[in-house]
Amino acid sequence: MELLKSPAKINLFLDVLSKDNDGFHSIKSILTLIDLHDEIIIKDSDSLDINFSGEFSDEINQNNIQILFDFLIKKKFIKSDKYSIKIIKNIPVGAGLGGGSSNMAAILSFLCSKKIIKFNEAINVARELGSDIEFFFDTAPAIVVGKGNVLRRINTFKESYLLLVYPNFTLSTEIVYKKNTKFDTENDIALEKEDYDFDKIMKLTSNSLQMAAIGLCPDIKYIIDKLTSMKGSLYSRMTGSGSCCFAVFNEKDLAKDASNTLKSHHPDWWIYLSKII
């Protein structure tokens, strides 16, 4: 039996650059891991048995792990899928935090560690099955481009505290992208560097999908406005295709105060104090 940690991510920014004839969008973004994670318990079994538990298990409407193993068997990357897998869902579903992609990456990494598949095969599988999966094979932040492929890993950012707010409203990535009508020109964030200034990134960028997501979940605008108004809040925006939003703080005490204030006024929201790792 092994216990795997499956971390969440945030998009510091997200530019949607274009849409091709097949409906796929070309993006540019910087992703970084945060200290919120699902837990995966995996062990050998007589058959493939996947169970979800935890705070957000009831919101799962697509079993990504079943999809992963069906693909691996169909493409003959593995000969057996006889595992018992229990996933404790601490990451909100349909929130733009990458929980489903992270779960798939954790399983692929496990299979690599057991020499059941090769790493280059795992990368190809990740690119075939989802745009964010490849990012989770490494702990370093990354610039992602195109359909979400990792262009390069970059150096870790300064320690910053994040106040995450999820309105308990699940958003479909596919629908948010379809609703989006905003396409960006290239921003001033260069692609070839290894070191980036966190504050400069946040000041020069935004999330192109934010307006489309607000159209589907108006609470997002209200949340961002509330986060912006909190003492010590430096930047606030939505992550990924939503619906989770975050505010950045330099001081942990101020982030805690903001968290307590929002929890007292909005007990219907999921609120979590995190940080970049």
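Residues numbered from 1 in each chain as written. Predicted model: local features only at pLDDT ≥ 70, side-chain atom pairs only at ≥ 80, totals over all residues. Heavy atoms only, no water.

Caption draft 1: Geometry of the sheet that holds strand E9 (residues 245-249). One open sheet holds the four strands; their spatial order is E8-E9-E7-E10, and the pairing between them is antiparallel. Single-partner strands in this sheet number two, and they are strand E8 (235-238) and strand E10 (270-275). Between one strand and the next, the sheet's axes are offset by a mean angle of 20 degrees, whatever the strand orientation. The pairing of E8 with E9 spans four bridges and is antiparallel. Along E9, the bridge assignment pairs Met-238 with Cys-245. Across the sheet, helix H8 (residues 252-265) is in contact with strand E7 (161-166), E9 and E10; its angle to E7 comes to roughly 15 degrees. (Pairing = 2+ DSSP bridges. Helix = DSSP H or I, 4+ residues; strand = E, 2+ residues; numbered from the N terminus. Axes fitted to C-alpha atoms, helices over the stretch in contact; angles between N-to-C directions. Contact = heavy atoms within 4.5 Å.)

Caption draft 2: Spatial organisation of the pairing of strand E4 (residues 83-88). Note that strand E2 (residues 25-44) and E4 share six bridges and pair antiparallel. Within E4, the position partnered with Ile-42 by the bridge is Ile-85. Sheet topology places strand E3 (residues 49-53) next to E4; five bridges connect them, and they run parallel. Looking at E4, one finds that Asn-51 is bridged to Lys-86.

Caption draft 3: Unusual backbone geometry, seen in detail. Omega for the bond connecting Gly-242 with Ser-243 falls within 30 degrees of zero, at 15 degrees, which places this linkage in the cis form. Counting through the fold element by element, Ser-243 comes out in the loop between E8 and E9. Although it is not a glycine, Asn-168 adopts a positive phi angle of roughly 60 degrees. Inspection of the secondary structure assignment puts Asn-168 in the loop between E7 and helix H4 (173-179). Exposure remark for Asn-168: the relative accessible area of 38% places this residue in the partly exposed category. (Buried < 20%, exposed > 50% of the residue type's maximum accessible area, 1.4 Å probe, protein only.)

Coordinates in, geometry out; function isn't part of it.
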